[in-house]
There are 2 protein chains.
Amino acid sequence: MTNIHDVAKLAQVSSMTVSRVINGNGYVKEQTKKRVLQAMKELNYVPNSLARSLVRQKTQTLALIVPDIRNPFFTTIARGTEDMARKQNYRVILGNTDENVNKELEYIEMCLSIRVDGVIVVPAGNESKRNLKMLSEFKIPYVLVDREVAGIHSDVVRGDSVLGTKQLMDHLFNLGHQNIAIITGSLTTSTSRDRLLGYTQALKESGIEFRAEYVKEASYTKPLNNQVVHELVSCTPRPTAIFTANNFVAAQTVKLLRQQNFSVPEDVSIVSFDDFDQISLAEPFLTVATQPAYNFGSLATQMLFEVIDGIPISGPRKIIFQPEIIIRRSSGAARPISTP
Amino acid sequence: MTNIHDVAKLAQVSSMTVSRVINGNGYVKEQTKKRVLQAMKELNYVPNSLARSLVRQKTQTLALIVPDIRNPFFTTIARGTEDMARKQNYRVILGNTDENVNKELEYIEMCLSIRVDGVIVVPAGNESKRNLKMLSEFKIPYVLVDREVAGIHSDVVRGDSVLGTKQLMDHLFNLGHQNIAIITGSLTTSTSRDRLLGYTQALKESGIEFRAEYVKEASYTKPLNNQVVHELVSCTPRPTAIFTANNFVAAQTVKLLRQQNFSVPEDVSIVSFDDFDQISLAEPFLTVATQPAYNFGSLATQMLFEVIDGIPISGPRKIIFQPEIIIRRSSGAARPISTP
DNA sequence: GTGAAAGCGCTAACAG
DNA sequence: CTGTTAGCGCTTTCAC
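Conventions we followed
- Residues numbered from 1 in each chain as written.
- Chains lettered and ligands numbered in written order.
- Predicted model: local features only at pLDDT ≥ 70, side-chain atom pairs only at ≥ 80, totals over all residues.
- Heavy atoms only, no water.
- Near = heavy atom within 4 Å.
- Polar contact = N/O pair within 3.5 Å; in protein donor to acceptor, adjacent residues only side chain to side chain.
- Helix = DSSP H or I, 4+ residues; strand = E, 2+ residues; numbered from the N terminus.
- Nonpolar A, V, L, I, M, F, W, Y, C, P; charged D, E, K, R; others polar.
- UniProt positions renumbered as here; feature names shortened; annotations may be inferred.
- Domains from an automatic or database assignment.
- Axes fitted to C-alpha atoms, helices over the stretch in contact; angles between N-to-C directions.
- Parallel < 35°, antiparallel > 145°, perpendicular 65-115°, else oblique.
- Contact = heavy atoms within 4.5 Å.
- Pairing = 2+ DSSP bridges.
- Least-squares fit on C-alpha atoms with pLDDT ≥ 70 in both.
- Buried area = accessible area lost by both parts, 1.4 Å probe.
- Salt bridge = Lys/Arg side-chain N within 4 Å of Asp/Glu carboxyl O.
- Patch = residues over 30% accessible without salt bridge, like charges linked within 9 Å, V, L, I, M, F, W, Y side chains within 5 Å.
- Areas by Shrake-Rupley, 256 points an atom, 1.4 Å probe, with all protein chains shown as cover.
- Buried < 20%, exposed > 50% of the residue type's maximum accessible area, 1.4 Å probe, protein only.
- 1 Å grid on protein atoms, 1.4 Å probe; cavity = no way out; pocket = protein on both sides within 12 Å on 5 of 7 lines; lining within 4 Å.
- Points joined across faces, edges and corners; volume = space filled by probe spheres on them.

> For this particular structure, what's the right way to read the protein's contact with DNA strand D?
Lining the immediate surroundings of DNA strand D are 25 residues, of which Ile4(A), Tyr45(A), Thr17(B), Arg20(B) and Lys29(B) lie closest. Within the backbone of Ile4(A), one N or O atom sits 2.4 Å away from a phosphate oxygen of DNA strand D. Separating a phosphate oxygen of DNA strand D from a side-chain N or O atom of Thr17(B) is a distance of 2.6 Å. No other element matches the 4 residues that helix α4 (residues 49-56) of chain A contributes to the surface near DNA strand D. Partitioning the surface near DNA strand D into residue classes produces 12 nonpolar, 9 polar and 4 charged.

So, in structure tokens, the structure goes:
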């Protein structure tokens, strides 16, 4: 592949002059500029950004680390960051952690070694702290999205899980539900803890007793164990509604319930966080608290750029979006309990 | 950030020795190795892959270019490539083209400038030829996924759109449908042409007349124009079923039909390519031909690695997966036509 | 306006 | 087993 010297030789100038016309800085006589441009075209010259990055100490690259890109919530975040990155002529490298801190660590190490300019991360959980500290040590700026990490004070963009959960719970109360179970994601994530908090607060505010057997911890990304649903429906009294941690858990809960011959929403109502975007337009099913995922991504990226560009910022910024409740078929009026 | 020389100095060896222990090649005495490791840890040394890439002429980086990562079909492809890349210690850079050839071109140029080792691309359309030729000129290997491009003979992984469409059409015939419309994606894509071909062949084989007014060209990724659906339902006779190009078009078609007070499947049956993965488990709605998207991604990546590694290959390889038909609620028996 | 020199951080090739 | 030399392709700095 031709390099800057080849171009320089053909244009009969020094490589410095070529560099100047590439970057459009410094003075170059109009005529020599033309010669250089001509030579570049003739040789099909493409500047090598590796070399440039090496000397400039800047790679124009961001990393986006998410639990699993297949969840439409994270997909949409990805699209938001990619669009914003693109606008600023940045590239983005994608990593899936499956909420595994070690996988996350590998990606963080990769970030260090390829000298990314910044990282947008949906942290795997509270143990991500160590990984994030590493970024800090090496002065690589990052923005947390969707989740906070105990002991980490950085820029964050997320939704209000407590509020969203309470609104969802109120919706269920209004439908007459009293026996409401919850399946959370891993409680090492702040969203799971917040949603559990919203759940307990909502119960308390409505004067409904908290029952430990109604609470199950699962995972936002891993397949839901059949046992979890089985235990829930075996409780006495059987819950007439389940708050599920997110769209994935919701989908699997519904599937497992139906496999066990419970209908949704007739026997059990389901509500959850985060939507299945496209299909919900056509065939609305799940009652959800949605969050502006695209904005999570684009805003986080914008904030990251401000840090990268060294714009003075007074302390960590925390952007919290309010979720929006969308009521659909998966939640219905509470009925007297019958076992199928 | 500390570099290899700092480590060398502290360990009292040359930087070459440090390089050897980093890369685990060449002979290094156990004792000096230990000293070097110790120094690396002490200094928090992280090798700079930019510098390494520059001299090795290899970046350990792939690019994945798709129309829109938000479509679960492409998302799943992305996850497949990311997983496979990771296994080989490669990173992947993501680009969305929105099926715009110029956006695609920008990404291809980016690929050249950062010297990616290979590209996995779902081409925007037939005009992608120019872009792909560029990659070839610069000897950057690539694999086409999902779509072929006229005049390009490279490795391809895709599904059999003709077959899938015919099977979907047969399903509709079996339900008694005779008046079946089609909404394709852009006909610059091979999948759209194949699906249209499958449609016409299926009609012919069943001795059903082809009607030009039943054929509409739309887009796989852009919002569907209300007008398209309106024109279709205004035909005489009105179609009782619509084959839609993909999941996105299907979702929008259903939405627009319902807005115009047609019910699905009672008034109009809908079938399409590609699924909405998770939610379909819980609330099966769309009758679809699904394709193994994850394998598209992982297999294409594997093939790419074979080329990158210089494993001798006799000519371009073409992997064609058979789609699987999943029959669900969106398609039902044909009924006498009534206008709502 | 333009160029020469030095160096970003690393490794290939050879020498010992 | 270890080190020296040269250079990957670019930009920064300074000189003219």
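> Explain the UniProt feature "domain: HTH lacI-type" (unreviewed entry) in chain A to me, please; I cannot follow it from the model alone.
Feature annotation in UniProt places "domain: HTH lacI-type" (unreviewed entry) on residues 2-56 of chain A, given in this structure's numbering. A helix fraction of 69% and a strand fraction of 0% characterise residues 2-56 of chain A, whose end C-alpha atoms lie 21 Å from each other.

> Quick question: what am I supposed to make of the domain arrangement of chain A here?
It is common to give the size of an interface as the accessible area lost on bringing the parts into contact. Considered domain by domain, chain A is made up of domain 1 (4-47), domain 2 (56-158 + 292-322) and domain 3 (161-290). Each of domain 1 of chain A and domain 3 of chain A has a C-alpha centre, and these two points are 63 Å apart.

> Where do I start with the packing of helix α2 (residues 15-23) of chain A against helix α3 (residues 30-42) of chain A in this structure?
The relative placement of two packed helices comes down to the angle between their axes together with the axis-to-axis distance. All names here are of chain A. Between α2 and α3, whose axes approach to 10 Å, the crossing angle comes to 85 degrees. Looking at the two axes, α2 sits roughly perpendicular to α3. For the pair α2 and α3, the contacting residues are Thr-17, Val-18, Val-21 and Ile-22 in the first and Lys-33, Val-36, Leu-37 and Met-40 in the second.

> Can you help me understand the sheet that holds strand β10 (residues 287-290) of chain A in this one?
Sheet strands associate in pairs through backbone hydrogen bonding, adopting either a parallel or an antiparallel arrangement. Residues and elements named next belong to chain A. Read from one edge of the open sheet, 6 strands run β7-β6-β8-β9-β10-β12, paired in mixed fashion. Looking at strand neighbours, the two that pair on one side only are β7 (215-217) and β12 (324-326), the edges of this open sheet. On average, each strand axis in the sheet is tilted by 15 degrees relative to the strand beside it, whichever way the strands run. The pairing of strand β9 (residues 269-273) with β10 spans 3 bridges and is parallel. Each residue of the ladder has a partner; that of Phe-273, found in β10, is Ala-289. Docked against the sheet, helix α9 (residues 190-205) engages β6 (180-184), β7, β8 (241-244) and β9, running at close to 170 degrees with respect to β6.

> Please clarify how the relation of the copies chain A and chain B should be interpreted in this entry.
Applying a rotation about an axis and a shift along it to one chain copy brings it onto the other copy. With an axial shift of 0.0 Å and an RMSD of 0.1 Å, the rotation relating chain A to chain B amounts to 180 degrees. Given the turn and translation reported, the copies of this chain are related as if by a two-fold rotation axis. Taking the C-alpha atom as reference, chain A places Ile93(A) closest to the rotation axis, 2.2 Å from it.

> Got a minute to help me understand the interface of chain A and chain B in this structure?
The partner chain B presents 54 residues to the 54 residues of chain A that form the contact. Across the chain A to chain B interface the summed buried area is about 5,200 Å²; carbon plus sulfur atoms make up 61%. Per-residue buried area on chain A facing chain B is highest for Leu50(A), Arg79(A) and Arg115(A); these three make up 14% of the total on that side. Summed over the shared surface of chain A and chain B, the result is 10 salt bridges.

> I'm lost on the side chain of His177(A) in this one. Help?
Residues and elements named next belong to chain A. Inspection of the secondary structure puts His-177 in the loop between α8 (161-174) and β6. A polar atom in the side chain of His-177 sits 3.3 Å from the side chain of Ser-269. Those residues in contact with His-177 that lie beyond four places of it in its chain are Leu-172, Thr-240, Ala-241, Ser-269, Gly-332, Ala-333 and Ala-334.

> How do you make sense of a nonpolar patch on the surface when you look at a structure like this?
All names here are of chain A. Residues Val-307, Ile-311 and Ile-313 make up a contiguous nonpolar surface patch of roughly 200 Å² in combined accessible area. Relative to the helices and strands, Ile-313 resides in the loop between α13 (293-308) and β11 (318-321). Note on Ile-313: relative accessible area 33%, which makes it partly exposed.

> What is the right way to read the pattern of salt bridges from this model?
Side-chain pairs of opposite charge can arise where the charged atoms are in close proximity. Scanning all chains against the criterion turns up 40 salt bridges over all chains. In this structure, the salt-bridge partner of Arg79(B) is Asp98(A), at a minimum N-O distance of 2.9 Å. With one member in each of two chains, Arg79(B) in helix α5 (residues 72-87) and Asp98(A) in the loop between β2 (91-96) and α6 (101-113) form a pair that bridges those chains. Relative accessible area serves as the criterion here: at 2%, Arg79(B) is assigned to the buried category. Among the ionic pairs, Lys318(B) bridges to Glu148(B), the shortest N-O distance being 3.3 Å. Placement of Lys318(B) in strand β11 (residues 318-321) and of Glu148(B) in the loop between β4 (142-145) and β5 (155-159) is noted, with a sequence separation of 170 residues between them. Each of the salt bridges in this network shares a partner with another, and the network as a whole consists of Asp68(A), Arg70(A), Asp98(A), Lys103(A), Arg79(B) and Asp83(B).

> Just checking my understanding: could you explain the protein's contact with DNA strand C for this structure?
Close to DNA strand C lie 27 residues, the nearest being Thr17(A), Arg20(A), Lys29(A), Ile4(B) and Tyr45(B). The sugar-phosphate backbone supplies 67% of the atoms of DNA strand C found within 4 Å of the protein. Between DNA strand C and Asn23(B), the relevant distance is 3.0 Å, taken from a phosphate oxygen to a side-chain nitrogen or oxygen of the residue. For the surface near DNA strand C, the secondary structure elements donating two or more residues are α2 and α4 of chain A together with α1 (4-11), α2 (15-23) and α4 (49-56) of chain B. For the surface near DNA strand C, the leading source of residues is α4(B), giving 5 residues. Among the residues making up the surface near DNA strand C, the classes are represented as 13 nonpolar, 9 polar and 5 charged.

> For this particular structure, what's the right way to read the layout of surface pockets?
Which parts of space are left empty comes out when a probe the size of a water molecule is rolled across the atoms. The calculated volume of the largest pocket comes to roughly 1,000 Å³. In terms of lining residues, the largest pocket is bounded by 46 residues, among which Arg70(A), Pro72(A), Arg70(B), Pro72(B) and Phe276(B) are the most central. Of all elements in the fold, only α5 (72-87), α11 (247-259), α12 (277-282) and α13 of chain A together with α5, α11 (247-259), α12 (277-282) and β12 (324-326) of chain B reach the threshold of two or more residues within the lining of the largest pocket. Classifying every residue of the lining of the largest pocket by side-chain character gives 18 nonpolar, 14 polar and 14 charged.

> How should I be thinking about unusual backbone geometry in this particular structure?
For residues other than glycine, phi is negative in most cases, and the peptide bonds are mostly trans. Residue and element names in this part refer to chain A. The residue after Thr-236, namely Pro-237, is reached through a cis peptide bond having omega -5 degrees. Secondary-structure assignment places Pro-237 in the loop between α10 (226-233) and β8. In this model, Val-264 is joined to Pro-265 through a cis peptide bond whose omega is 10 degrees. Looking at the element boundaries, Pro-265 is found in the loop between α11 and β9. The phi angle at Glu-99 is positive, at roughly 60 degrees, despite the residue not being glycine. Summarising the element assignment, Glu-99 is placed in the loop between β2 and α6.

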